[in-house]
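Structural characterization, general
The primary structure of each chain is shown beneath.
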Amino acid sequence: MHAWPASEVPALPGKGRDLKIHDTATQGTITLAPGPVARIYVCGITPYDATHIGHAATSNAFDLVQRVWLDTKRQVHYVQNVTDVDDPLLERAQRDGHDWTELAERETVLFREDMTALRMLPPQHYIGAVEAIPGIVPLVERLRDAGAAYDLDGDVYFSVESDPHFGGVSHLDAEAMRLLSAERGGDPERPGKKNPLDPMLWMAARPGEPSWDGGSLGRGRPGWHIECVAIALDHLGMGFDIQGGGSDLVFPHHEMGASHAQVLTGEFPMAKAYVHAGMVALHGEKMSKSRGNLVFVSALRRSGVDPAAIRLALLSHHYRADWEWTDAVLEDAVARLARWRAAVSRPDGLPADALVEEVRAALSADLDAPAALAAVDRWVELQLAGGGDDESAPGLVSRTVDALLGVAL
Ligand code: 5CA
Ligand code: ZN
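Residues numbered from 1 in each chain as written. Chains lettered and ligands numbered in written order. Predicted model: local features only at pLDDT ≥ 70, side-chain atom pairs only at ≥ 80, totals over all residues. Heavy atoms only, no water.

Scanning the chain for helices and strands turns up 13 helices and 14 strands. Relative to the globule expectation of 22 Å for 409 residues, the C-alpha radius of gyration of the chain, 22 Å, shows essentially globular dimensions. Counting all 409 residues of the chain, 57% fall into the buried class. By sequence separation, contacts in the chain at least 24 residues apart represent 80% of the contacts at least 6 residues apart. Surface exposure of the chain reaches about 16000 Å², of which carbon and sulfur atoms provide 52%. With 37 positive and 58 negative side-chain charges, the chain shows a separation of 2 Å between the mean positions of the two kinds. (Helix = DSSP H or I, 4+ residues; strand = E, 2+ residues; numbered from the N terminus. Rg over C-alpha atoms; globule rule 2.2 N^0.38 Å. Buried < 20%, exposed > 50% of the residue type's maximum accessible area, 1.4 Å probe, protein only. Contact = heavy atoms within 4.5 Å. Areas by Shrake-Rupley, 256 points an atom, 1.4 Å probe, with all protein chains shown as cover. Lys, Arg positive; Asp, Glu negative; His and termini not counted. Charge placed at Lys NZ, Arg CZ, Asp CG, Glu CD.)

Another aspect to go through is the coordination of the zinc ion (ligand 2). Each donor-metal-donor angle would ideally measure 109.5 degrees in four-coordinate tetrahedral geometry, or 90 or 180 degrees in six-coordinate octahedral geometry. Within the protein, the zinc ion (ligand 2) binds to Cys43 (SG), Cys228 (SG) and His253 (NE2); these donor distances fall in the range 2.0 to 2.2 Å. In this structure, the zinc ion (ligand 2) is coordinated by 4 donor atoms arranged in tetrahedral fashion, with angles at the metal of 102 to 119°. Site description for the zinc ion (ligand 2): donor spacing in sequence, C-x184-C-x24-H. In this pair, Cys43 is assigned in the loop between strand 3 (37-42) and helix 1 (53-71) and Cys228 in helix 6 (residues 224-235), connecting sequence segments 185 residues apart. Cys228 sits in the buried class, given a relative accessible area of 2%. (Donors = N, O, S within 2.8 Å, 3.2 Å for Na, K, Ca; no water. Tetrahedral: all angles 85-135°; square planar, octahedral: opposite > 155°, others 65-115°.)

By secondary structure assignment, the location of Asp402 is in helix 13 (residues 393-405). Asp402 has contacts with Glu8, Pro10, Arg67, Arg119 and Val407, leaving out every residue within four places of it along the chain.

Okay, the sheet that holds strand 8 (residues 200-204) next. One open sheet holds the 4 strands; their spatial order is 6-7-8-9, and the pairing between them is antiparallel. Both edges of this open sheet fall to strand 6 (149-152) and strand 9 (220-222), since each of them pairs with a single strand only. Shown here is a sheet whose adjacent strand axes are inclined to one another by a mean of 20°, direction ignored. (Pairing = 2+ DSSP bridges. Axes fitted to C-alpha atoms, helices over the stretch in contact; angles between N-to-C directions.)

Once that is clear, we can look at the site of ligand 1. Around ligand 1 lies a shell of 23 residues, among which Gly44, Thr58, Thr83, Asp248 and Lys289 are the nearest. The separation between a nitrogen atom of ligand 1 and a polar side-chain atom of Thr46 is 2.9 Å. Within the complex, 94% of the 600 Å² of free accessible area of ligand 1 lies under protein. Among the elements of the structure, helix 1, helix 6 and strand 10 (240-246) are those that each provide at least two residues to the shell around ligand 1. Taken together, the residues of the shell around ligand 1 sort by class into 8 nonpolar, 12 polar and 3 charged. (Near = heavy atom within 4 Å. Polar contact = N/O pair within 3.5 Å; in protein donor to acceptor, adjacent residues only side chain to side chain. Nonpolar A, V, L, I, M, F, W, Y, C, P; charged D, E, K, R; others polar.)

Spelled out as structure tokens, the structure:
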């Protein structure tokens, strides 16, 4: 699939700082020191409804990661998937009487437009589950041949007991895993499984559902976790720097993915850091397509909200926090954007070299965007109160906010 157009990232004077980031797997903060090319995989949407603020917030977190790396003069190799065939997508298409491919295509088009409007940097490889099937089938066959997968009425399951590191990403106990598995696409109650947690790798064709040639697996469609493993290993290889997504992906998705990859390659973990964004809520509950309590990015844009204000609203929360979307969050962001624009539209101003370093320091310390905003706010208030006579300052602040925060002033 094609991704979306990239916005230009201005180069800043001096050099950025290496990223320190919270890693779910080691339960601490680690300093990542990638080579000249940093590698990141971000779990993308299941396209059965429009991009909501939760998706945008998670995208924002991983966009910041890339901006920190680019500021260190590294290149970034970024891969994202689209789960363009899975139960929830097929169920929604069925419910609404739509063709599932058209639904997926329509929502993916909208997602690209939202990402473009929000100035999220595009992945170099934007890969759909369907187009990844030829790469998924041989991995499932290898897992089966290694004795790590088994057949249950034609479906192929992964045996979590084949991975000595299982649990090493989420560190949850068996009961918590069981509950989350039931909630998030697993089938712990299905009789005949070796372990209730075992996830499906390949689902045999069901009547009325789409299916593909699975070679020795028979016709069917891929499981969710192997999809991301196949795409990540194909485009990034083992030991890439970050696997990212929302915290709802810690278990089972990223745990199972790490397990599949461990058995396939003998290495653990697949990513040097497992990074998770907090959940955005609306009316006290996680914003989710299945609950339907959603604020769509496209609806905000249609109602005339500047995408830069949406971006500032996302940035005003730390990426690891769970937070609530409210009208006040957006109103504050709109007001902040207006103040920042007024401040940089002056012909000269307060020297801003220190501000560049403050923003760099904030973001490199586990992506502390609220601290970065506070630093810019301080410069803006002094600037609006009188400022100085440095002619390069407003331009430097604009470029800093653009390069490191993705906000065009
Ligand atoms: N296609 C899979 C990942 S392989 C999936 O989870 N799709 S999704 O459409 O449900 O979510 C897309 C991304 O947005 C995931 O990283 C998910 O963790 C994140 N996300 C979903 N809901 C929220 C929310 N309310 N707040 C923050 N992030 C969210
Ligand atoms: Zn994924």
